[in-house]
Amino acid sequence: MRRHLPSFTCCFFIGLFCVALFLSLQIHSKIRRFDWQSEIYSDGAGYYAYLPVTFLYRFDYNKFPAGINDSTGYQFIDHDGKKMVTKYGCGVALMVSPFFGGTVLYSHLAGLPLEGGFSTAFFRMADAAGVFYLVVGLFFIFQVLKRYTGKLVRYLSVIFIFAGTNLYFYTFRQPLMSHVYSFCAISLYLYAIHLFLEKGSWRSFMLVAFSASLSMLIRPVNGTILLLLLFWNVDSFRALKDRLRVLFTWRNIATFAIIFFLVFLPQMLYWNYMFGEPIHYSYQGESFSNWNDPKLAEIWFSPLNGLFIWNPVWFVFIAGVLLMIILRERNGILLLVFFLLTSYIIASWHSWYFGCGFGHRAFVDFLPLVAIPFGLITEKVVRIRTRIPGVLMILLLSAMSYYNIRIIYHYSGCFSGSVWDWEMYRYYLRNAKLIQKQRPVYVYLNDFENGAVVVNSYGTNLLHRSYNSSIILSNEYKTGGSDPLYFFSFALPFPTHADARVYVNVPGGSTSGGQMFCLIEKNGQILWSDSCQIDPFISNARGWCKVYKDFTFPGDMPWDATISVILKNPGGRLFFADDLKIVFY
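Since this is a predicted model, take the numbers as computed values, not measurements. (Residues numbered from 1 in each chain as written. Predicted model: local features only at pLDDT ≥ 70, side-chain atom pairs only at ≥ 80, totals over all residues. Heavy atoms only, no water.)

Caption draft 1: Seen up close, the overall build of the chain. Counting its regular elements, the chain contains 20 helices and 13 strands. Relative to the compact-globule value of 25 Å for 585 residues, the chain shows a C-alpha radius of gyration of 26 Å, a close match. For the chain, the spread of C-alpha atoms along the principal axes amounts to about 80 × 65 × 50 Å. Counting all 585 residues of the chain, 53% fall into the buried class. Long-range pairs, those at least 24 residues apart, make up 74% of the contacts in the chain with a sequence separation of at least 6. (Helix = DSSP H or I, 4+ residues; strand = E, 2+ residues; numbered from the N terminus. Rg over C-alpha atoms; globule rule 2.2 N^0.38 Å. Buried < 20%, exposed > 50% of the residue type's maximum accessible area, 1.4 Å probe, protein only. Contact = heavy atoms within 4.5 Å.)

Structure representation (structure tokens):
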């Protein structure tokens, strides 16, 4: 009779799927379709667009829903060329396609309108697809960990990798972003490598080739995982030579090439349709422009999506890697080198913080690789004879997971601050009720690197004082500066001073009347303003000059009024501004 009962592991993953699906649906139950926080919006719409365009519109421009570009926040319809254009690969769409087909069938049977693939059913479909691939990815991690840890630690690892990282965010909040699908594909790849090294069968190598190709189709930068196939469990030059001899046989080379071609064939057909060539670099204007100045400190520790700041459980992951190296466990050095290489590549991308998001989303894809060191360090601590270290370890991981989930449920989706804006970071902690006290001095920073806070300004990389961006003021763009701050965001009593400074670069030597304004407004009405001229501060026509003023304003401003510091350029002369700082007190 027991043989017919499902195992605990089976029940665990089924239960995990049900709980995760409930949480995902619950999060989006109060979010309207086409809201900027809905499932099919912005980048998510760019990944999803392949499905309705292919299966519902059949590439017929006349069937494209009117206004869908504006509704989804992503311009995937080229009205001039009368076709779909998206820079994103079709890997996510391929993985979601079974759910898309099921939703179409369900809608027909239930008599529900398809609405061009954007009915409510398709938004809920995205939730189910994200949760499914989350659970599948975690299942393959669980299978890999069977080689390294006991059962208890395997369950703990699965739970904390999910609950303690931004994988939670990209499964529930943005289920059509590529990360949970890439996570699943790389989990399968890691599992396939273990099978291949254990069995050496052609079938297991086919699984390696398929999972690697799928990972690269989803995100081409995932090609770095091929290093694992070469070096996993390799601890000597002789072992490396044997590995190369096993891998580079004519059958394996032909198998990998054929599978890679078949997996990428849909993408090549789409590229030919969109751009007129089967192989195309779709990220035009975007590149790895920071090779010589990688932003490693920023991607790891800055408030602007820093990896360790938003997901401190990564400290435990890296501690596990270092423990593997100390204990001379195989693959410890490989995993450390892979982490550093991946970090270097990510830090070299022109937008190294990867735009809006929670934590550094580029690392989500590679979570399967740190599952092993995480499991090993957890196993070592849990196996200590006295139970206190194990209990403390579980409490620490639980606290980190609470921190992660608490912020996620109180996070807008974009970090609205500068690179090292700790004041904004503290704001998010207060918003999540993780800290209570608000400092009487509020420091606003804007280095204009983060596009989410370049409000009513035009960012440029033509000239900059710090990082890669500044704002430009010219005859076309006559204003720029801080985004408005509500007085209720300050501690009581409200500030009465704003000590503002900004750096300007004026190629012509004069702004012809440029000014720095401090404005207090409510409902579009100016309640108070003051300004200073910029030109008196210009001492170097070819360098950056500091413009500064201490603004003093009345202390009885309404709680819902806003204050901002902006630059105005009535003369229309070209100049640049960077590194705005305002100290309110």
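Caption draft 2: Seen up close, the layout of surface pockets. Considering only enclosed or pocket space, the second largest pocket measures out at about 300 Å³ in volume. The wall of the second largest pocket is formed by 16 residues, among which Ser416, Met424, Tyr427, Leu485 and Ser489 lie closest to the centre. Mapped onto the lining of the second largest pocket, the elements with two or more residues apiece are helix H20 (422–431), strand S3 (442–446) and strand S7 (485–486). With four residues, the single largest contributor to the lining of the second largest pocket is H20. A class-by-class count of the residues in the lining of the second largest pocket yields 10 nonpolar, five polar and one charged. (1 Å grid on protein atoms, 1.4 Å probe; cavity = no way out; pocket = protein on both sides within 12 Å on 5 of 7 lines; lining within 4 Å. Points joined across faces, edges and corners; volume = space filled by probe spheres on them. Nonpolar A, V, L, I, M, F, W, Y, C, P; charged D, E, K, R; others polar.)

Caption draft 3: Focus on the nonpolar core. Ranked by size, the top nonpolar core spans 179 residues in total, and within it Tyr181, Trp314 and Val504 carry the most contacts. Here this core gets 15 residues from one element, more than from any other, and that element is helix H6 (residues 120–145). Non-local contacts of Trp314, meaning those with residues more than four positions away in its chain, are made with Leu307, Phe308, Phe339, Phe363, Leu367 and Val370. (Core = buried A, V, L, I, M, F, W, Y, C linked by side-chain atoms within 4.5 Å.)

Caption draft 4: How the structure looks around the pattern of salt bridges. Taken as a whole and assessed by the stated rule, the structure comprises 13 salt bridges. In this structure, Arg245 engages Asp242 in a salt bridge whose closest nitrogen and oxygen atoms are separated by 3.0 Å. Taken together, the residues Arg245 and Asp242, both in helix H12 (residues 237–247) and three residues apart, mark about one turn of the helix. In the salt-bridge network here, residues are joined through shared partners; they are Glu39, Arg124 and Asp127. (Salt bridge = Lys/Arg side-chain N within 4 Å of Asp/Glu carboxyl O.)

Caption draft 5: Expanded view of the state of the cysteines. Considering all chains together, one arrives at one disulfide under this definition. Disulfide pairing is shown between Cys356 and Cys414; the S-S distance is 1.7 Å. Across the S-S bond linking Cys356 and Cys414, the dihedral sits near 105 degrees, which makes this disulfide right-handed. Of this pair, Cys356 sits in the loop between helix H17 (332–348) and helix H18 (367–382) while Cys414 sits in the loop between helix H19 (388–408) and H20, and the two are 58 residues apart along the sequence. With relative accessibility at 11%, the residue Cys414 sits in the buried group. No disulfide involves Cys90; its nearest neighbouring cysteine sulfur is the one of Cys184, lying 16 Å away. (Disulfide = S-S within 2.5 Å.)

Caption draft 6: Structural detail: the pairing of strand S5 (residues 470–473). Inspection of the sheet shows strand S4 (residues 459–460) paired to S5 by two bridges, in the antiparallel sense. Bridge assignment links Gly459 to a residue of S5, and that residue is Ile471. Looking at chain direction, S5 and strand S13 (residues 575–584) are connected through three bridges and run antiparallel. Paired with Ile471 across the strands is Ala577, a residue of S13. (Pairing = 2+ DSSP bridges.)

Caption draft 7: Unusual backbone geometry, seen in detail. The omega torsion of the bond from Leu492 to Pro493 falls at -5 degrees, within 30 degrees of zero and hence cis. Along the polypeptide, Pro493 turns up in the loop between S7 and strand S8 (497–505). A positive phi angle is found at Asn331, which is not glycine, with a value near 80 degrees. Relative to the helices and strands, Asn331 resides in the loop between helix H16 (313–326) and H17.

Caption draft 8: The pairing of strand S10 (residues 525–533), seen in detail. Two strands pair when backbone bridges link them, and strand S9 (residues 515–522) and S10 are joined in this way by eight bridges, in the antiparallel orientation. Residue pairing in the sheet places Lys522 in a bridge with Gln525 of S10. Linkage of S9 to S10, two consecutive antiparallel strands, is achieved through a turn of two residues, within which Asn523 is found at a positive phi near 55 degrees.

Caption draft 9: The arrangement of helix H13 (residues 250–275) in detail. Of all the bends in H13, the largest measures some 45 degrees and sits at Phe264, one to four residues before the proline Pro266. Among the residues of H13, Asn252, Thr255, Phe256, Ile259, Val263, Phe264, Gln267, Met268, Tyr270, Trp271 and Met274 are the ones counted as buried. Buried positions along H13 lie against helix H3 (50–56), strand S2 (83–84), helix H5 (91–110), helix H10 (202–218), helix H11 (226–231) and H12. (Bend = angle between axes of the 7 residues up to and from the residue.)

Caption draft 10: A look at the side chain of Ser466. Relative to the helices and strands, Ser466 is located in the loop between S4 and S5. Ignoring any residue separated from it by four or fewer positions in sequence, one finds Ser466 in contact with Asp447, Asp578 and Asp579.

Caption draft 11: Up close: the packing of helix H9 (residues 179–199) against H18. Where H9 contacts H18, the axes come no closer than 8 Å and their chain directions differ by 55 degrees. In terms of their interaxial angle, H9 and H18 are classed as oblique. For the pair H9 and H18, contact is made by Phe183, Ile186, Ser187, Leu190 and His194 and by Leu367, Pro368, Leu369 and Ile372, respectively. Class assignment for the residues of the contact of H9 with H18 results in seven nonpolar, two polar and no charged. (Axes fitted to C-alpha atoms, helices over the stretch in contact; angles between N-to-C directions. Parallel < 35°, antiparallel > 145°, perpendicular 65-115°, else oblique.)

Caption draft 12: A look at the environment of Leu21. Tracing the chain through its elements places Leu21 in helix H1 (residues 8–28). Remark: the alpha-carbon pair of Leu21 and Phe132, spanning 111 residues in sequence, is separated by 8.4 Å. Leaving out residues up to four positions away in the same chain, Leu21 has contacts with Asp127, Ala128 and Val131.

Caption draft 13: Here's a closer look at the packing of aromatic side chains. Tallying each qualifying case throughout the model produces 76 aromatic pairs. A ring pair is formed by Tyr48 and Phe100, whose centres lie 6.1 Å apart and whose planes are at 65 degrees; its orientation type is edge-to-face. With a gap of 52 residues between them, Tyr48 in helix H2 (residues 43–48) and Phe100 in helix H5 connect regions that are remote in the sequence. For the residue pair Tyr48 and Phe100, the accessibility class agrees, reading buried in each case. Consider the rings of Trp300 and Phe301, whose centres lie 6.2 Å apart with planes at 75 degrees: the pair is edge-to-face. The exposure class of Phe301 is partly exposed, given its relative accessible area of 35%. One aromatic cluster in this structure is built from Phe169, Tyr170, Trp310, Phe358, Tyr411, Phe415, Trp420, Trp422, Tyr425, Tyr427 and Tyr428. Here the guanidinium or amino end of Arg465 rests over the ring plane of Tyr503, the centre of that ring lying 3.6 Å away. It is Lys546 that lies over the ring of Tyr548; its NZ or CZ is 5.5 Å from the centre. (Phe/Tyr/Trp six-rings, centres within 6.5 Å; stacked < 30°, edge-to-face > 60°. Lys NZ or Arg CZ within 6 Å of the ring centre and 35° of its normal.)

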